[in-house]
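An overview of the molecular structure
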Amino acid sequence: MIRIHTALLLPIIACGLAAAAVDEVRIDSGSVKGVVYKGVVAFKGIPFAAPPTRQNRWRAPQPVAPWKDVRPAAEYGSDCMQLPFPGDAAPLGVKPAEDCLYMNVWAPVERTSGELPVMVWIYGGGFVNGGSSPAVYDGSHFAQRGIVFVSFNYRVGRFGFFAHPALTKEDPNALLGNYTFLDQIAALKWVRSNIARFGGDPRNVTLFGESAGGASVLTMMTSPLSRGLFHKAIIESGGGRNLLGPMRRIHESAPKLPSGEAAGISFAEKAGIKGEDAAALAALRALPAERVVDGLNMASMGNPTYSGPMLDGKIVVESTEQSMLAGHFMKIPVIAGANSSDIGFSFAKNMDEVFAGFGGNHEKAEAAYNPRKSTEFRKIGMLVAMDRMMIEPARFVLRTVAAAGLPAYEYRFSYVAESMRERWQGAPHATEIPFVFDTVAARYGENLGSQDEATAKAAIAYWAAFAKTGNPDVEGHPHWPRHTAKDDELLNFTMSGPVAEQDAWKERLDLTEAAAQAH
């Protein structure tokens, strides 16, 4: 299945040219030809489903049409249709389009079919932005460490989450609403069927993602439709509790929470489309892609015409928190954590509102979060919100996994790039990604420091070790202890390097946990 063109490869490597020889692999739908560079072969833009356009808009991923000739796989396919978010830490490398269900694979040139560990990446972006093409998501450095690395695109925004009575009437038995998650499941099934041809072991797949990608990993861990498709998980700033309140349902509205279909009707009416019949659905599917986006991105997510992820009874049966508490999750090794200045949304108007959610622990919480009696309620509120949204939920997931007798490892990413230390007091949301991928040169360019490079080498080493064995420990770096509720230990990526320590935030996280349990 694998053919390496050695006669072309050796002289090109010797000359140090950027473009190189090709590697040709036969997959289920046809042959693809990748590009070799620095001991890695990259295959980009491989379709894993039919274009989700026209009649396939708001349908589960459909089978890809086979091809006869060898398909070039040197360039990324289009990222999924969206309005890019200004200032995104991972700007898209290609233009978005609705035809976007493409896969990318990086593998070592020297490999044997079906033996290497596999890592599959799910990007973040609030489920309304993001793609696989950003330079910081390049999988080359994982492949150089003996891993077959996979990334893929999934539909975002209203293309990824949409419900309407006309869709339900078209096929009441169809998998409806959560097309984002159906894309992710389809990608994992593609990996299971094809990854051995690239040298990967379909029995040793680690799924990982950040932010909405981390939340997606949790959804894949708890969905009945994705069981057995991967074997280890890494959740970076992906939450784990009901972060923004209860999830809406597709068909049934609740007080102050309209159904997904209600949101879809609102969008259709805004677009000038009324009715719930086949003609209305045809008109919705005929809308230009830009009209479906309709200004939606991370700056405008709180939109009554957008549903976001929904409870549908088949793909998403219950919230992540409910699934974890009920034991309805894949019993696999897990890494989870968040950053030292991660994201948190606070709408408190004063200090009393900041601590109102702690109930009888109000005074203890105030002492833990505001020992210096600061009057900056917005700053303290964001700290409380960060713990509630990201830090404590990661610990909750790991405690649940550990209580089931499974390997669980917690991290905190506190490292700040040398060039950003005057601007950032801690590590903001998503800033760990270029360190995990060892793509810090792409992120920081001429401002890259030697300490940045060292931290990146340590981070990718831990992630790669976990993918290989289920244990992130790696020779030459500090031991990463397993997480238990008793010891509350984690690995902290500090300014002076990784340090295994007891969580210094335990007191405030215990208070956050108590508040979460009370609600």
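For the structure, see preceding data.
Reading guide: rules and limits
Along each chain, residue indices are assigned from 1 in the same order as the chain's sequence is written. Where local features are concerned, this predicted model is filtered to residues with pLDDT of at least 70; where side-chain atom pairs are given and counted, the filter is 80 or more; whole-chain, interface and lining totals use all residues. In computing side-chain values, all of the structure's heavy atoms are included and hydrogens and water are not. Exposure classes here rest on a 1.4 Å probe applied to the protein chains alone. A residue is buried below 20% of its type maximum, exposed above 50%, and partly exposed in between. A run of H or I in DSSP becomes a helix once it reaches four residues, and a run of E becomes a strand once it reaches two; helices and strands are each numbered from the N terminus. Aromatic contacts are taken between Phe, Tyr and Trp rings whose centres are within 6.5 Å, Trp giving its six-membered ring; a plane angle under 30 degrees counts as stacked, one over 60 as edge-to-face, and the others as tilted. A ring has a charge above it when a Lys NZ or an Arg CZ is no more than 6 Å from the ring centre and no more than 35 degrees off the ring normal. Note on disulfides: each one is a pair of cysteine sulfur atoms within 2.5 Å. Between Lys or Arg on one side and Asp or Glu on the other, a salt bridge is scored when a side-chain nitrogen of the former is within 4 Å of a carboxyl oxygen of the latter.

Description of helix H6 (residues 212–222)
A large share of H6 lies buried, amounting to 10 of its 11 residues. For H6, the complete set of buried residues consists of Ala-212, Gly-213, Gly-214, Ser-216, Val-217, Leu-218, Thr-219, Met-220, Met-221 and Thr-222.

Some words on the packing of aromatic side chains
Applying the stated rule across the entire model yields 37 aromatic pairs. Relative to Phe-493, the ring of Phe-413 lies with its centre 5.7 Å away and its plane at 35°, an arrangement referred to as tilted. Of this pair, Phe-413 sits in strand S16 (residues 408–413) while Phe-493 sits in strand S17 (residues 489–494), and the two are 80 residues apart along the sequence. By the ring-pair criterion, three or more aromatic residues cluster together here, those being Tyr-409, Tyr-411, Phe-413, Tyr-415, Phe-435, Tyr-444, Tyr-462, Trp-463, Phe-466, Trp-480 and Phe-493. Above the face of the Trp-58 ring, Arg-57 is positioned so that its terminal group lies 5.5 Å from the ring centre. The aromatic ring of Trp-505 is capped on one face by Arg-508, whose charged end is 4.0 Å from the ring centroid.

Details of the state of the cysteines
Counted according to the given criterion, the structure contains 1 disulfide. Across the disulfide, Cys-80 is cross-linked to Cys-100 (sulfur-sulfur distance 2.1 Å). Taking the sign of the S-S torsion, about 85° here, the bridge from Cys-80 to Cys-100 comes out right-handed. Here the residue Cys-80 occupies a position in the loop between strand S5 (71–72) and strand S6 (102–108), and Cys-100 occupies one in the loop between S5 and S6, the gap between them amounting to 20 residues. Comparing Cys-80 with Cys-100 shows no difference in burial state: the two are buried.

Looking at the pattern of salt bridges
Enumeration according to the criterion identifies 22 salt bridges in this entry. A salt bridge links Asp-183 to Arg-155; the shortest N-O distance between them is 2.7 Å. Taken as a pair, Asp-183 in helix H5 (residues 179–194) and Arg-155 in the loop between strand S8 (148–152) and helix H3 (157–160) lie far apart in primary sequence, 28 residues in all. For Asp-183, a relative accessible area of 0% gives the class buried. Residue Arg-395 is joined to Asp-488 by a salt bridge in which the shortest nitrogen-to-oxygen separation is 3.3 Å. Here the residue Arg-395 occupies a position in helix H13 (residues 377–403), and Asp-488 occupies one in the loop between helix H16 (450–469) and S17, the gap between them amounting to 93 residues. Residue Asp-488 is classed as buried on the basis of its relative accessible area, which comes to 2%.

Bear in mind that shape data such as this cannot, by itself, settle questions of function.
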